[in-house]
Amino acid sequence: NNEQSVPQLLIRDLKLEKPLAKLMFSPDQENHPSKAPVKYGELIVLGYNGSLPNGDRGRRKSRFALFKRPKANGVKPSTVHIACTPQAAKAISNKDQHSISYTLSRAQTVVVEYTHDSSTDMFQIGRSTESPIDFVVTDTVPGSQSNADTQSVQSTISRFACRIICERSPPFTARIYAAGFDSSKNIFLGEKAAKWKTSDGQMDGLTTNGVLVMHPRNGFTEDSKPGVWREISVCGNVFSLRETRSAQQRGKMVENESNQLQDGSLIDLCGATLLWRTAEGLARTPTVKHLEALRQEINAARPQCPVGFNTLAFPSMKRKDVVDEKQPWVYLNCGHVHGYHNWGNKEERDGKDRECPMCRSVGPYVPLWLGCEAGFYVDAGPPTHAFSPCGHVCSEKTTAYWSQIPLPHGTHTFHAACPFCAHQLAGEQGYIRLIFQGPLD
(Lines give C-alpha, C1' and ligand atoms only; values in the text may rest on other atoms or scores of the structure.)
Protein backbone atom coordinates (compact mmCIF):
# COMPACT_ATOMS: atom_id res chain seq x y z
CA ASN A 1 0.00 0.00 0.00
CA ASN A 2 2.42 2.63 -1.22
CA GLU A 3 -0.32 5.21 -1.64
CA GLN A 4 -0.13 6.43 1.97
CA SER A 5 3.63 6.94 1.98
CA VAL A 6 3.73 9.44 -0.88
CA PRO A 7 2.59 13.07 -0.51
CA GLN A 8 -0.39 13.58 -2.81
CA LEU A 9 -1.32 17.00 -4.00
CA LEU A 10 -4.00 18.66 -5.99
CA ILE A 11 -2.85 21.70 -7.90
CA ARG A 12 -4.33 24.06 -5.30
CA ASP A 13 -1.96 22.54 -2.70
CA LEU A 14 1.13 23.16 -4.82
CA LYS A 15 2.64 26.39 -3.52
CA LEU A 16 1.56 28.99 -6.04
CA GLU A 17 3.65 32.12 -5.75
CA LYS A 18 2.04 35.32 -7.02
CA PRO A 19 -1.55 36.54 -7.29
CA LEU A 20 -2.81 36.38 -10.85
CA ALA A 21 -5.53 39.02 -10.65
CA LYS A 22 -3.40 41.62 -12.39
CA LEU A 23 -3.06 39.38 -15.46
CA MET A 24 -6.82 39.19 -15.93
CA PHE A 25 -6.93 41.95 -18.54
CA SER A 26 -8.65 41.45 -21.81
CA PRO A 27 -6.38 42.01 -24.84
CA ASP A 28 -8.40 45.15 -25.65
CA GLN A 29 -7.82 46.71 -22.25
CA GLU A 30 -4.08 46.30 -22.64
CA ASN A 31 -4.12 48.52 -25.73
CA HIS A 32 -5.42 52.06 -25.74
CA PRO A 33 -9.16 51.63 -25.58
CA SER A 34 -9.88 55.03 -27.11
CA LYS A 35 -8.17 54.13 -30.40
CA ALA A 36 -9.49 50.57 -30.63
CA PRO A 37 -12.26 50.01 -33.17
CA VAL A 38 -15.59 48.82 -31.72
CA LYS A 39 -15.57 45.04 -31.37
CA TYR A 40 -18.98 43.34 -31.54
CA GLY A 41 -17.65 39.96 -30.49
CA GLU A 42 -15.75 36.89 -31.67
CA LEU A 43 -16.63 33.53 -33.20
CA ILE A 44 -14.44 30.65 -32.05
CA VAL A 45 -14.58 27.26 -33.79
CA LEU A 46 -14.84 24.32 -31.38
CA GLY A 47 -12.18 21.64 -31.75
CA TYR A 48 -9.12 23.87 -32.23
CA ASN A 49 -6.84 24.69 -29.35
CA GLY A 50 -5.94 28.26 -30.24
CA SER A 51 -5.20 27.93 -33.97
CA LEU A 52 -5.87 25.71 -36.99
CA PRO A 53 -3.51 22.71 -37.39
CA ASN A 54 -1.73 24.23 -40.40
CA GLY A 55 -1.83 27.74 -38.99
CA ASP A 56 -4.39 30.54 -39.32
CA ARG A 57 -4.41 32.13 -42.76
CA GLY A 58 -6.53 35.04 -43.97
CA ARG A 59 -10.24 34.32 -43.60
CA ARG A 60 -9.57 30.71 -42.57
CA LYS A 61 -8.69 30.60 -38.87
CA SER A 62 -9.89 29.19 -35.56
CA ARG A 63 -11.36 32.48 -34.30
CA PHE A 64 -12.77 35.50 -36.06
CA ALA A 65 -13.34 38.94 -34.54
CA LEU A 66 -16.28 41.05 -35.75
CA PHE A 67 -15.40 44.76 -35.74
CA LYS A 68 -17.61 47.72 -36.62
CA ARG A 69 -17.11 48.35 -40.33
CA PRO A 70 -15.91 51.75 -41.60
CA LYS A 71 -19.15 51.87 -43.63
CA ALA A 72 -22.39 50.01 -42.86
CA ASN A 73 -23.08 47.02 -45.14
CA GLY A 74 -26.24 45.62 -43.54
CA VAL A 75 -29.40 44.86 -45.55
CA LYS A 76 -33.11 44.59 -44.70
CA PRO A 77 -36.09 43.17 -46.64
CA SER A 78 -38.02 45.58 -48.88
CA THR A 79 -40.10 44.66 -51.97
CA VAL A 80 -41.68 41.24 -52.52
CA HIS A 81 -42.23 40.01 -56.11
CA ILE A 82 -44.47 37.01 -56.75
CA ALA A 83 -44.37 34.75 -59.83
CA CYS A 84 -42.01 35.27 -62.74
CA THR A 85 -42.68 38.93 -63.39
CA PRO A 86 -40.03 40.92 -65.28
CA GLN A 87 -39.28 42.79 -62.02
CA ALA A 88 -38.58 39.51 -60.25
CA ALA A 89 -36.24 38.40 -63.01
CA LYS A 90 -34.55 41.80 -62.91
CA ALA A 91 -34.11 41.63 -59.14
CA ILE A 92 -32.43 38.25 -59.47
CA SER A 93 -30.12 39.39 -62.27
CA ASN A 94 -29.27 42.74 -60.67
CA LYS A 95 -25.77 42.24 -59.23
CA ASP A 96 -26.11 45.32 -57.00
CA GLN A 97 -29.35 44.24 -55.37
CA HIS A 98 -29.48 41.68 -52.54
CA SER A 99 -32.41 39.28 -52.89
CA ILE A 100 -33.74 35.96 -51.60
CA SER A 101 -35.54 33.70 -54.10
CA TYR A 102 -38.02 31.08 -52.89
CA THR A 103 -38.78 28.56 -55.66
CA LEU A 104 -42.27 27.22 -54.96
CA SER A 105 -42.71 25.35 -58.26
CA ARG A 106 -41.39 25.55 -61.80
CA ALA A 107 -44.03 28.12 -62.55
CA GLN A 108 -43.73 30.21 -59.42
CA THR A 109 -40.87 31.91 -57.61
CA VAL A 110 -41.19 34.52 -54.89
CA VAL A 111 -38.33 37.03 -54.85
CA VAL A 112 -37.78 39.25 -51.80
CA GLU A 113 -35.56 42.24 -52.54
CA TYR A 114 -33.31 43.53 -49.77
CA THR A 115 -32.27 47.14 -49.45
CA HIS A 116 -29.26 48.82 -47.76
CA ASP A 117 -29.54 49.29 -43.98
CA SER A 118 -27.26 52.04 -42.67
CA SER A 119 -27.79 51.00 -39.03
CA THR A 120 -26.27 47.49 -39.26
CA ASP A 121 -23.16 45.57 -40.32
CA MET A 122 -23.42 42.14 -41.96
CA PHE A 123 -20.88 39.31 -41.60
CA GLN A 124 -21.17 36.07 -43.57
CA ILE A 125 -19.90 32.60 -42.63
CA GLY A 126 -19.61 29.49 -44.79
CA ARG A 127 -17.42 26.95 -46.54
CA SER A 128 -17.06 29.00 -49.73
CA THR A 129 -13.90 31.04 -50.28
CA GLU A 130 -15.78 33.53 -52.50
CA SER A 131 -15.45 37.18 -51.48
CA PRO A 132 -18.87 37.61 -49.77
CA ILE A 133 -17.78 35.14 -47.07
CA ASP A 134 -15.99 36.92 -44.20
CA PHE A 135 -15.14 33.79 -42.19
CA VAL A 136 -14.35 30.55 -44.05
CA VAL A 137 -15.22 27.47 -41.96
CA THR A 138 -14.40 23.87 -42.91
CA ASP A 139 -15.55 20.61 -41.31
CA THR A 140 -13.99 19.84 -37.93
CA VAL A 141 -12.46 16.37 -37.68
CA PRO A 142 -12.17 15.44 -33.97
CA GLY A 143 -8.58 15.34 -32.75
CA SER A 144 -7.11 15.88 -36.21
CA GLN A 145 -3.68 17.47 -36.07
CA SER A 146 -3.57 18.37 -39.74
CA ASN A 147 -5.99 19.49 -42.39
CA ALA A 148 -4.89 16.57 -44.55
CA ASP A 149 -7.42 14.38 -42.71
CA THR A 150 -10.25 16.81 -43.34
CA GLN A 151 -10.15 17.36 -47.08
CA SER A 152 -11.31 13.90 -48.18
CA VAL A 153 -14.56 14.17 -46.23
CA GLN A 154 -17.59 15.31 -48.23
CA SER A 155 -18.47 18.56 -46.48
CA THR A 156 -21.89 19.02 -44.89
CA ILE A 157 -21.29 22.73 -44.21
CA SER A 158 -23.17 24.98 -46.61
CA ARG A 159 -21.07 27.18 -48.91
CA PHE A 160 -23.05 30.21 -47.72
CA ALA A 161 -24.11 28.91 -44.29
CA CYS A 162 -25.30 31.89 -42.27
CA ARG A 163 -25.05 35.62 -41.70
CA ILE A 164 -24.77 37.68 -38.53
CA ILE A 165 -26.22 41.21 -38.45
CA CYS A 166 -24.83 43.57 -35.77
CA GLU A 167 -26.39 46.88 -34.72
CA ARG A 168 -23.85 49.68 -35.25
CA SER A 169 -24.99 51.57 -32.14
CA PRO A 170 -24.95 50.38 -28.49
CA PRO A 171 -25.75 47.82 -27.20
CA PHE A 172 -24.44 46.40 -30.55
CA THR A 173 -27.01 43.59 -30.64
CA ALA A 174 -25.97 40.67 -32.89
CA ARG A 175 -28.58 38.51 -34.64
CA ILE A 176 -28.11 35.33 -36.66
CA TYR A 177 -29.92 34.25 -39.84
CA ALA A 178 -29.64 31.02 -41.84
CA ALA A 179 -28.02 31.26 -45.31
CA GLY A 180 -25.68 33.88 -46.73
CA PHE A 181 -25.75 35.92 -49.96
CA ASP A 182 -23.56 34.60 -52.79
CA SER A 183 -21.35 36.58 -55.21
CA SER A 184 -24.44 37.72 -57.13
CA LYS A 185 -25.95 38.93 -53.82
CA ASN A 186 -28.57 36.17 -54.01
CA ILE A 187 -29.86 33.47 -51.70
CA PHE A 188 -31.70 30.71 -53.61
CA LEU A 189 -33.99 28.31 -51.78
CA GLY A 190 -34.66 25.56 -54.33
CA GLU A 191 -37.79 23.44 -54.74
CA LYS A 192 -36.60 20.88 -52.18
CA ALA A 193 -35.83 23.35 -49.38
CA ALA A 194 -38.40 23.71 -46.58
CA LYS A 195 -40.20 27.04 -47.13
CA TRP A 196 -43.56 28.63 -46.33
CA LYS A 197 -45.59 31.81 -46.28
CA THR A 198 -45.84 33.47 -42.85
CA SER A 199 -49.07 34.81 -41.30
CA ASP A 200 -48.21 38.37 -42.38
CA GLY A 201 -47.71 37.32 -46.00
CA GLN A 202 -43.90 37.19 -45.95
CA MET A 203 -41.81 34.19 -47.08
CA ASP A 204 -39.44 32.20 -44.87
CA GLY A 205 -37.48 28.95 -45.15
CA LEU A 206 -34.76 26.65 -43.82
CA THR A 207 -31.46 25.68 -45.41
CA THR A 208 -30.70 22.06 -46.34
CA ASN A 209 -28.77 21.01 -43.22
CA GLY A 210 -29.97 23.88 -41.08
CA VAL A 211 -28.35 26.38 -38.72
CA LEU A 212 -28.81 25.40 -35.07
CA VAL A 213 -28.31 27.72 -32.11
CA MET A 214 -28.15 27.09 -28.36
CA HIS A 215 -28.18 29.97 -25.86
CA PRO A 216 -26.77 28.93 -22.44
CA ARG A 217 -28.78 29.70 -19.31
CA ASN A 218 -27.13 32.18 -16.89
CA GLY A 219 -24.85 33.53 -19.63
CA PHE A 220 -21.33 32.23 -20.16
CA THR A 221 -20.15 32.16 -16.54
CA GLU A 222 -19.23 29.60 -13.90
CA ASP A 223 -22.99 29.27 -13.24
CA SER A 224 -23.84 28.50 -16.89
CA LYS A 225 -26.18 25.65 -17.73
CA PRO A 226 -26.90 24.25 -21.20
CA GLY A 227 -29.91 25.70 -23.03
CA VAL A 228 -32.07 24.03 -25.69
CA TRP A 229 -30.95 23.61 -29.32
CA ARG A 230 -33.16 25.47 -31.82
CA GLU A 231 -33.13 25.98 -35.58
CA ILE A 232 -32.90 29.47 -37.08
CA SER A 233 -34.71 30.26 -40.34
CA VAL A 234 -33.58 32.42 -43.26
CA CYS A 235 -35.58 35.33 -41.80
CA GLY A 236 -34.23 34.76 -38.27
CA ASN A 237 -37.26 33.04 -36.74
CA VAL A 238 -36.76 30.33 -34.10
CA PHE A 239 -38.01 26.74 -34.48
CA SER A 240 -37.78 23.48 -32.58
CA LEU A 241 -35.50 20.95 -34.31
CA ARG A 242 -36.62 18.90 -37.30
CA GLU A 243 -36.75 15.08 -36.96
CA THR A 244 -33.39 14.89 -38.73
CA ARG A 245 -31.10 17.65 -39.99
CA SER A 246 -32.50 17.87 -43.54
CA ALA A 247 -36.09 16.66 -43.05
CA GLN A 248 -38.63 18.49 -45.27
CA GLN A 249 -40.95 19.21 -42.35
CA ARG A 250 -39.98 22.22 -40.22
CA GLY A 251 -40.23 22.16 -36.42
CA LYS A 252 -42.70 24.23 -34.38
CA MET A 253 -42.12 27.97 -34.20
CA VAL A 254 -40.88 29.08 -30.76
CA GLU A 255 -42.57 32.45 -30.28
CA ASN A 256 -40.89 33.58 -27.06
CA GLU A 257 -37.27 33.06 -28.20
CA SER A 258 -35.21 35.18 -30.56
CA ASN A 259 -32.24 34.91 -32.91
CA GLN A 260 -30.28 37.42 -30.78
CA LEU A 261 -26.87 36.00 -29.89
CA GLN A 262 -25.79 36.06 -26.24
CA ASP A 263 -22.35 35.60 -24.73
CA GLY A 264 -21.72 31.83 -24.96
CA SER A 265 -24.30 31.10 -27.70
CA LEU A 266 -23.33 28.06 -29.80
CA ILE A 267 -23.96 28.03 -33.56
CA ASP A 268 -23.91 24.67 -35.32
CA LEU A 269 -23.41 24.58 -39.10
CA CYS A 270 -23.59 20.76 -39.47
CA GLY A 271 -19.88 19.95 -39.60
CA ALA A 272 -18.52 22.71 -37.37
CA THR A 273 -19.78 24.38 -34.18
CA LEU A 274 -18.92 28.01 -33.34
CA LEU A 275 -18.96 29.71 -29.96
CA TRP A 276 -20.06 33.38 -29.91
CA ARG A 277 -18.36 35.56 -27.31
CA THR A 278 -19.42 39.18 -26.85
CA ALA A 279 -16.80 41.88 -26.34
CA GLU A 280 -17.95 42.32 -22.71
CA GLY A 281 -17.81 38.57 -22.13
CA LEU A 282 -14.26 38.38 -23.50
CA ALA A 283 -13.21 41.22 -21.17
CA ARG A 284 -14.07 38.94 -18.23
CA THR A 285 -12.33 35.89 -19.71
CA PRO A 286 -8.78 34.80 -18.85
CA THR A 287 -6.25 35.86 -21.47
CA VAL A 288 -3.55 33.70 -23.03
CA LYS A 289 -1.15 35.62 -20.72
CA HIS A 290 -3.15 34.48 -17.71
CA LEU A 291 -3.11 30.84 -18.92
CA GLU A 292 0.63 31.10 -19.54
CA ALA A 293 1.13 32.43 -15.99
CA LEU A 294 -0.87 29.47 -14.61
CA ARG A 295 1.29 27.09 -16.66
CA GLN A 296 4.47 28.64 -15.28
CA GLU A 297 3.12 28.46 -11.74
CA ILE A 298 2.37 24.74 -11.98
CA ASN A 299 5.81 24.12 -13.45
CA ALA A 300 7.44 26.30 -10.75
CA ALA A 301 5.81 24.10 -8.08
CA ARG A 302 7.86 21.20 -9.55
CA PRO A 303 5.30 18.38 -9.57
CA GLN A 304 7.02 14.98 -9.69
CA CYS A 305 6.43 11.57 -11.17
CA PRO A 306 5.74 9.23 -8.21
CA VAL A 307 7.54 6.39 -10.03
CA GLY A 308 10.60 8.00 -11.60
CA PHE A 309 10.75 11.01 -9.22
CA ASN A 310 11.57 13.18 -12.24
CA THR A 311 10.14 16.70 -12.33
CA LEU A 312 7.22 17.19 -14.70
CA ALA A 313 6.46 20.30 -16.74
CA PHE A 314 3.71 21.35 -19.13
CA PRO A 315 5.31 22.27 -22.47
CA SER A 316 4.96 25.83 -23.77
CA MET A 317 1.71 26.70 -25.50
CA LYS A 318 3.48 26.92 -28.85
CA ARG A 319 4.49 23.25 -28.62
CA LYS A 320 1.02 21.94 -28.05
CA ASP A 321 1.12 18.93 -30.39
CA VAL A 322 4.47 17.31 -29.69
CA VAL A 323 4.82 15.10 -26.60
CA ASP A 324 7.70 16.41 -24.51
CA GLU A 325 9.89 14.17 -22.33
CA LYS A 326 8.86 16.10 -19.19
CA GLN A 327 5.19 16.03 -20.19
CA PRO A 328 2.77 14.98 -17.43
CA TRP A 329 0.67 11.87 -18.19
CA VAL A 330 -2.47 10.80 -16.36
CA TYR A 331 -4.34 7.60 -15.57
CA LEU A 332 -7.86 8.59 -16.61
CA ASN A 333 -9.67 6.32 -14.14
CA CYS A 334 -8.06 7.72 -11.00
CA GLY A 335 -6.43 11.04 -11.97
CA HIS A 336 -2.91 10.19 -10.72
CA VAL A 337 -0.38 12.22 -12.70
CA HIS A 338 2.96 10.62 -13.73
CA GLY A 339 5.76 11.10 -16.17
CA TYR A 340 5.77 8.72 -19.14
CA HIS A 341 6.83 5.18 -18.20
CA ASN A 342 6.32 1.68 -19.56
CA TRP A 343 5.26 0.19 -16.23
CA GLY A 344 1.91 -1.61 -15.94
CA ASN A 345 1.21 -2.23 -19.61
CA LYS A 346 -1.65 -4.68 -20.04
CA GLU A 347 -0.68 -6.55 -23.19
CA GLU A 348 -3.93 -8.48 -23.38
CA ARG A 349 -5.91 -5.22 -23.50
CA ASP A 350 -4.47 -4.02 -26.84
CA GLY A 351 -1.94 -1.93 -24.92
CA LYS A 352 -4.51 0.85 -24.42
CA ASP A 353 -5.24 0.27 -20.75
CA ARG A 354 -2.62 0.57 -18.03
CA GLU A 355 -2.54 -0.12 -14.31
CA CYS A 356 -1.79 2.92 -12.13
CA PRO A 357 1.21 2.21 -9.87
CA MET A 358 -0.33 4.36 -7.12
CA CYS A 359 -3.77 2.81 -6.74
CA ARG A 360 -3.84 -0.16 -9.12
CA SER A 361 -6.88 1.11 -11.03
CA VAL A 362 -6.80 0.09 -14.69
CA GLY A 363 -7.69 2.46 -17.52
CA PRO A 364 -6.38 4.65 -20.34
CA TYR A 365 -3.06 6.46 -19.80
CA VAL A 366 -2.68 9.67 -21.82
CA PRO A 367 -0.46 12.78 -22.03
CA LEU A 368 -1.90 15.99 -20.56
CA TRP A 369 -2.21 19.14 -22.71
CA LEU A 370 -3.15 22.61 -21.55
CA GLY A 371 -6.30 24.09 -23.04
CA CYS A 372 -4.85 27.19 -24.77
CA GLU A 373 -8.04 28.68 -26.30
CA ALA A 374 -8.97 31.13 -23.54
CA GLY A 375 -12.41 31.83 -25.06
CA PHE A 376 -13.63 28.37 -23.99
CA TYR A 377 -13.00 29.04 -20.25
CA VAL A 378 -16.05 29.94 -18.11
CA ASP A 379 -13.80 31.17 -15.28
CA ALA A 380 -10.16 31.97 -14.50
CA GLY A 381 -9.62 29.05 -12.14
CA PRO A 382 -6.41 26.98 -12.08
CA PRO A 383 -6.05 24.01 -14.47
CA THR A 384 -7.01 21.23 -12.04
CA HIS A 385 -9.10 18.93 -14.25
CA ALA A 386 -8.70 17.10 -17.55
CA PHE A 387 -11.21 15.99 -20.18
CA SER A 388 -11.38 12.26 -20.78
CA PRO A 389 -10.21 10.61 -23.04
CA CYS A 390 -8.15 13.39 -24.70
CA GLY A 391 -6.27 14.82 -21.68
CA HIS A 392 -6.92 18.53 -22.32
CA VAL A 393 -6.51 20.39 -19.03
CA CYS A 394 -8.45 23.45 -17.81
CA SER A 395 -10.38 24.70 -14.78
CA GLU A 396 -12.88 22.54 -12.91
CA LYS A 397 -15.88 24.75 -13.77
CA THR A 398 -14.91 24.74 -17.47
CA THR A 399 -14.71 20.93 -17.65
CA ALA A 400 -17.99 20.64 -15.75
CA TYR A 401 -19.76 23.04 -18.14
CA TRP A 402 -18.63 21.52 -21.44
CA SER A 403 -19.25 17.96 -20.22
CA GLN A 404 -22.97 18.83 -19.93
CA ILE A 405 -23.35 20.32 -23.43
CA PRO A 406 -24.87 17.99 -26.04
CA LEU A 407 -23.17 19.03 -29.29
CA PRO A 408 -24.77 18.08 -32.62
CA HIS A 409 -22.98 15.20 -34.30
CA GLY A 410 -23.88 13.98 -37.79
CA THR A 411 -27.48 14.44 -38.86
CA HIS A 412 -29.43 13.37 -35.78
CA THR A 413 -27.25 12.57 -32.76
CA PHE A 414 -25.77 14.72 -29.99
CA HIS A 415 -22.88 14.09 -27.62
CA ALA A 416 -20.62 16.00 -25.22
CA ALA A 417 -17.14 16.77 -26.60
CA CYS A 418 -13.91 18.46 -25.54
CA PRO A 419 -14.03 22.06 -26.83
CA PHE A 420 -10.27 22.01 -27.47
CA CYS A 421 -10.18 18.97 -29.80
CA ALA A 422 -13.83 17.96 -30.43
CA HIS A 423 -13.25 14.39 -29.17
CA GLN A 424 -16.39 12.78 -27.79
CA LEU A 425 -16.12 12.62 -23.98
CA ALA A 426 -15.94 9.24 -22.24
CA GLY A 427 -16.44 7.92 -18.72
CA GLU A 428 -19.10 8.76 -16.17
CA GLN A 429 -18.42 12.50 -16.05
CA GLY A 430 -16.32 13.10 -19.15
CA TYR A 431 -13.52 14.61 -17.05
CA ILE A 432 -11.22 13.77 -14.13
CA ARG A 433 -9.66 15.67 -11.22
CA LEU A 434 -5.86 15.61 -11.45
CA ILE A 435 -3.79 14.42 -8.47
CA PHE A 436 -0.20 15.69 -8.61
CA GLN A 437 2.67 14.73 -6.36
CA GLY A 438 4.75 17.60 -5.01
CA PRO A 439 8.57 17.55 -4.77
CA LEU A 440 9.89 15.30 -1.99
CA ASP A 441 12.55 17.76 -0.81
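Remember, it's a predicted structure, so these values are computed and weren't measured experimentally.

Caption draft 1: Region of interest: the sheet that holds strand β6 (residues 120-126). Within the open sheet, the four strands sit side by side as β7-β6-β8-β9. Their pairing is mixed. Looking along the sheet, the strands with just one partner apiece sit at the ends: β7 (135-136) and β9 (174-178). Of the strand pairs in this sheet, β6 and strand β8 (residues 162-167) are connected by six bridges, and their pairing is antiparallel. Each bridged residue has a counterpart across the sheet, and for Gln124 the counterpart in β8 is Arg163.

Caption draft 2: Spatial organisation of the packing of aromatic side chains. Applying the stated rule across the entire model yields 17 aromatic pairs. Where Phe376 meets Trp402, the ring centres are 5.9 Å apart and the plane angle is 80°; that geometry is what we call edge-to-face. Residue Phe376 is found in the loop between β22 (369-370) and β23 (385-387), and its partner Trp402 is found in helix α6 (residues 396-403); the two are separated by 26 residues along the sequence. The exposure class of Phe376 is buried, given its relative accessible area of 0%. Ring geometry for Phe376 versus Phe420: centroids 5.5 Å apart, planes at 70°, classification edge-to-face. In this pair, Phe376 is assigned in the loop between β22 and β23 and Phe420 in the loop between β26 (413-415) and β27 (431-433), connecting sequence segments 44 residues apart.

Caption draft 3: Quick look at the sheet that holds strand β19 (residues 337-338). A sheet is described by the order of its strands in space; here four strands give the open sequence β19-β18-β21-β20, paired in antiparallel fashion. Of all strands in the sheet, those bounded by a partner on one side alone are β19 and β20 (353-355). As paired strands, strand β18 (residues 329-331) and strand β21 (residues 362-367) are joined by three bridges and run antiparallel to one another. Following the sheet pairing, Trp329 is matched in β21 by Pro367.

What counts and what doesn't
Each chain carries its own residue numbering, running from 1 in the written order of its sequence. The predicted nature of this model means local features are confined to residues of pLDDT at least 70 and side-chain atom pairs, given and counted, to a pLDDT of 80 or more, with totals for whole chains, interfaces and linings taken over all residues. No hydrogens and no water enter the side-chain calculation; it runs on all heavy atoms of the structure. For two strands to pair, DSSP has to find at least two bridges joining them. Secondary structure counts use DSSP, requiring at least four H or I residues in a row for a helix and at least two E residues in a row for a strand, with both numbered from the N terminus. Aromatic rings from Phe, Tyr and Trp, taking only the six-membered ring of Trp, are treated as a pair when their centres fall within 6.5 Å; an angle between ring planes under 30 degrees marks them as stacked, one over 60 as edge-to-face, and anything in between as tilted. The buried label goes to any residue with under 20% of its type's maximum accessible area, the exposed label to any with over 50%, and the partly exposed label to all in between, with areas taken from a 1.4 Å probe on protein chains only.

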